[in-house]
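# Architecture at a glance
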Amino acid sequence: MIEVRNLHKTFGSGAKKVIAVDGVHFIARDGEITGLLGPNGAGKTTTLRCLYTLMQPDSGQVLVDGIDAATDPLAVRRALGVLPDARGLYKRLTARENIAYFGQLHGLDAATIRTRSDAAIRALEMDDIADRRTEGFSQGQRVKTAIARALVHDPKNVILDEPTNGLDVMATRAMRAFLKQLKSEGRCVLFSSHIMQEVAALCDRIVVIARGRVVADESPDALRAQTGEANLEDAFVKLIGTDEGLAA
Amino acid sequence: MNSAVIVFLKELRENLRDRRTVINTLVTGPLMGPLLFVVLINTMVSRELEKAEQPLKLPVIGAEHAPNLIDALKQQRFDIQPGPANAERAVREQDADVVLRIPADYAESWNKGEPAQVEIVFDESQRDAQSAVRRVQAAIDGYGQRTGAMRLLARGLSPSVMRPVVVAERDQSTPQSRSGTMFGILPYFFILGALIGGMALAIDTTAGERERQSLEPLLANPVPRGQILAGKLATTTAFSMTTVLLSMLAFSVASRFLPTEKLGMDLHIGMGFLFSGLFVMLPLAGLLAGLQTMVAAFAKSYREAQTWLGLLTFVPAIPTMLLTILPFKPLTWMYAVPLMGQQIALTRFLRGEVVTTQALVLCFVCTTLAALIVYVVTSRIYRSERLAISA
């Protein structure tokens, strides 16, 4: 379970001051998929970066399985599987070596790394590329490898920043199926997106963010009811007050 | 397994698969210096030797005015040539190293017993001509002294009245120390080797990793950033020490192809030098790796990091130049200054001189301390939020 309480984060100072996150507050529960929905620049990535302790919030609290990210960042990172916005691989290592490196950094032994990698490679259907160097991988192959290495330690909580970004239709469908599988395994899945259909198709709960604030935190049905719009996309536009940054 | 070790092993494996890095570390870095050095020294030495052994061509203007002097010069293995029309111009345009001009009134002064003047025309700034000029001077001086002695004898005086003081030279330089002055630039090649060997790694593990977008996922792992940095620094240091070791081995082989014995010099790059040399270089390699990583971490891109590190390469040239231009007695405190300490210690090793254990330990400890300070500062930069974010 991931809890975010009244998160604030500001960059720069003086005239160049940018308030990226301004009081974000939500809970992502185990066995559910929570979608962080918002236009580009709404503060989704910054919020997620505060979650996996890459950044420190100016104020507010992040709790992962009850552990405070400010007091024990290492324990929080251990409890999280993260697919960040940046998902670069080591191109001179094979996919399997990329996965194993992160497994070792999580303190796993060689046998565990082996079984986990095999399972992930099967689940993500990447047998054909597992022992190839990642140089020249397609976008989809890169994302698969990045996910496999993010989940090698079998984390209870999974954070994905725009996971379908740059994927084609087939890869996107596979990704959605994979997220549902993670949910069925009882994990807490939190992902960000600016794509309406995706969030509607997957999420148990939608947290809508605009200009660094949470403007709605409901189930898809409740969201429709709250805004009085039958169509989720219209509901979304109404919530953020503009159709800027909205992609179908 | 310790996280720093995991990072170290992974960086090692990844970079050993990069052909460009490997060639830089194992071939270009260590071999460039020795190759350049052998070619340079060989050319220099063989030219010097050729001049000393061969008859020297000497253009003379007005040779007919002093046949005796000319005969004496011929006995000294000078090859007398007809002089050019304009001695000054011939020297300035490097058609001749030195020209001897004998004025028409030479014989007249000589016969009167007055000092007869001859002129030698040369260009002091022309290094290549210096040995020729010295040979001409010595030959004419010798002729003058012999003639003077004969004149004194003819008047019944001992020639020794003309020489109330005699200088006897006692040169204290040893074959090793003479090679030392010539090879004073060698330590710079080793320090340069350390910088070249670590450069690709320092960039790849920081600015490169950020640009390839793999730093953010890496930092999402439950490992303190200080340990990740330690692993990366260890890899950079390992590569740069490999370059230094190979460079020393290459010089050791190269020194066998140098005609040092012809110059009465002795250069020992043997096992002893290897051990003590690597001992003083190890903390310096760590320090330089830390500095390179710090600079690369500040840089916004791979290209910017390359530019800055290129400039950093010139920094160790400063103590080398100072030590070459201003020769001074090495004092103990100098061993405590990183770069300078290594420079002095390596130079003394090459000259076959003793460096006290105390000085060696001082050099090692102080450079290690400096390396630790750089590590602490770099890990502070590493902890900053700005570091991981590429865009």
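The present account deals with the structure reproduced in this document. Everything numeric here is computed off the predicted structure, so don't read it as measured data. Counting of residues starts from 1 at the beginning of each chain's written sequence and follows it residue by residue. Each chain is given a letter, starting from A, and each ligand a number, starting from 1, according to the order in which they appear as written. Totals for whole chains, interfaces and linings use all residues, but because this is a predicted model, local features are given only for residues with pLDDT of at least 70 and pairs of side-chain atoms are given and counted only at 80 or more. To get the side-chain values, all heavy atoms of the structure are used, and hydrogens and water are removed first.

With that settled, the discussion passes to the overall build of chain A. Helix and strand content of chain A: nine helices and ten strands. Note that the radius of gyration is over C-alpha atoms, with the globule rule given as 2.2 Å times the number of residues to the power 0.38. By the compact-globule yardstick of 18 Å for 248 residues, chain A fits well, its C-alpha radius of gyration being 18 Å. Projected onto the principal axes, the alpha-carbon positions of chain A cover approximately 50 × 40 × 35 Å. Split into buried and exposed, the 248 residues of chain A put 52% on the buried side. Taking as baseline every contact in chain A between residues at least 6 positions apart, the subset at least 24 positions apart corresponds to 68%. Per element, the accessible surface of chain A, about 10,400 Å² overall, is 47% carbon and sulfur. Residues scored as charged are limited to Lys and Arg (positive) and Asp and Glu (negative), so that His and the chain ends carry no count. Note that the charge is assigned to NZ on lysines, CZ on arginines, CG on aspartates and CD on glutamates. Each charge class in chain A was averaged separately, 32 positive and 32 negative side chains, and the resulting centres sit 4 Å apart. For helices the rule is a DSSP run of H or I covering at least 4 residues; for strands it is a run of E covering at least 2, with both sets numbered from the N terminus onward. Buried, partly exposed and exposed residues are distinguished by accessible area as a fraction of the type maximum, computed with a 1.4 Å probe on protein chains only: under 20%, between the cut-offs, and over 50%, respectively. By the convention used here, residues are in contact when the closest approach between their heavy atoms is within 4.5 Å. Accessible areas in this description were obtained via Shrake-Rupley with a 1.4 Å probe; residue shielding takes into account the shown protein chains only.

We describe a pair of aromatic rings using the distance from one ring centre to the other and the angle between the two ring planes. Residue and element names in this part refer to chain B. Pairing of aromatic rings covers Phe, Tyr and Trp, the last counted by its six-membered ring, and requires centre-to-centre distances within 6.5 Å; plane angles under 30 degrees mean stacked, over 60 mean edge-to-face, and any other angle means tilted. Across all of its chains, the model carries ten aromatic pairs over all chains by this definition. Ring geometry for Phe190 against Phe251: centres 5.3 Å apart, planes inclined by 85°, an arrangement best described as edge-to-face. Within this pair, whereas Phe190 is found in helix α8 (residues 186-211), its partner Phe251 is found in helix α10 (residues 225-254), the two being separated by 61 residues in sequence. Taking the relative accessible area as the measure of exposure, Phe190 reaches 0% and is therefore buried. A centroid spacing of 6.4 Å and a plane angle of 80° characterise the contact between Phe273 and Phe349, whose relative ring orientation is edge-to-face. Residue Phe273 is found in helix α11 (residues 271-298), and its partner Phe349 is found in helix α14 (residues 340-350); the two are separated by 76 residues along the sequence. Across this residue pair, the class does not change: Phe273 and Phe349 are buried.

Right, let's talk about unusual backbone geometry for a bit. Note: most residues except glycine have negative phi, and most peptide bonds are trans. All names here are of chain A. Although it is not a glycine, Asp65 sits at a positive phi angle of roughly 50°. Looking at the element boundaries, Asp65 is found in the loop between β4 (59-64) and β5 (67-68). If you check the backbone angles, Arg211 has positive phi at about 50° while not being a glycine.

Our focus in this paragraph is the pattern of salt bridges. Pairing is possible between side chains of opposite charge, provided their charged atoms come close. Take a side-chain nitrogen of Lys or Arg and a carboxyl oxygen of Asp or Glu: if they are within 4 Å of each other, that pair is a salt bridge. Applying the stated criterion to the full structure yields 25 salt bridges over all chains. Between A:Lys183 and A:Asp204 there is a salt bridge, with the nearest N and O atoms lying 3.0 Å from each other. Placement of A:Lys183 in helix α6 (residues 169-184) and of A:Asp204 in the loop between α7 (196-202) and β9 (205-210) is noted, with a sequence separation of 21 residues between them. Classification of A:Lys183 as partly exposed rests on a relative accessible area of 27%. With a relative accessible area of 25%, A:Asp204 lands in the partly exposed category. Salt bridges linked by common partners bring B:Lys10, B:Glu11, B:Glu14, B:Glu209 and B:Lys232 together as one network.

Often the size quoted for an interface is simply the accessible area lost on bringing the parts together. Contacts between chain A and chain B engage 29 residues on the former and 27 residues on the latter. Buried surface at the junction of chain A and chain B, both sides included, amounts to about 2,800 Å², of which 57% is carbon and sulfur. Our count for the chain A to chain B interface comes out at five salt bridges. Residue A:Arg49 pairs with B:Glu216 through a salt bridge whose shortest N-O separation is 3.0 Å. Polar contact criterion, stated in full: a pair of N or O atoms within 3.5 Å, where within protein one must be able to donate a hydrogen and the other to accept it, and residues adjacent in sequence count only if both atoms are side-chain atoms. The tally of links from chain A across to chain B stands at twelve residue pairs in polar contact (both at pLDDT 80 or more). Two parts lose some accessible area (1.4 Å probe) when they are put together, and adding that loss for both gives the buried area.

Let's shift gears to the sheet that holds strand β4 (residues 119-122) of chain B. In a beta sheet, neighbouring strands are held together by backbone hydrogen bonds and run either parallel or antiparallel to one another. Residue and element names in this part refer to chain B. Two strands are counted as paired when DSSP detects at least two bridges linking them. Taken together, the four strands give an open sheet; going across it, the order is β2-β1-β3-β4, and neighbouring strands pair in mixed fashion. Whereas interior strands pair on both sides, the edge strands pair on one side only; in this sheet they are β2 (78-82) and β4. On average, each strand axis in the sheet is inclined to that of its neighbour by 35°, with strand direction left out of account. Contacts from helix α3 (residues 67-75) reach β1 (56-61), β2 and β3 (98-101), with the element oriented near 135° to β2. Helix axes are fitted to C-alpha atoms over the stretch in contact, other axes to C-alpha atoms as well, and angles between N-to-C directions run from 0 to 180 degrees.

Residue position: B:Glu216 is located in helix α9 (residues 215-219). Separated by 3.0 Å, the side chains of B:Glu216 and A:Arg49 make a polar contact. Those residues in contact with B:Glu216 that lie beyond four places of it in its chain are A:Arg49, A:Tyr52, A:Leu54, A:Pro84, A:Ala86 and B:Ala388.

Just geometry here; none of it tells us what the structure is for.
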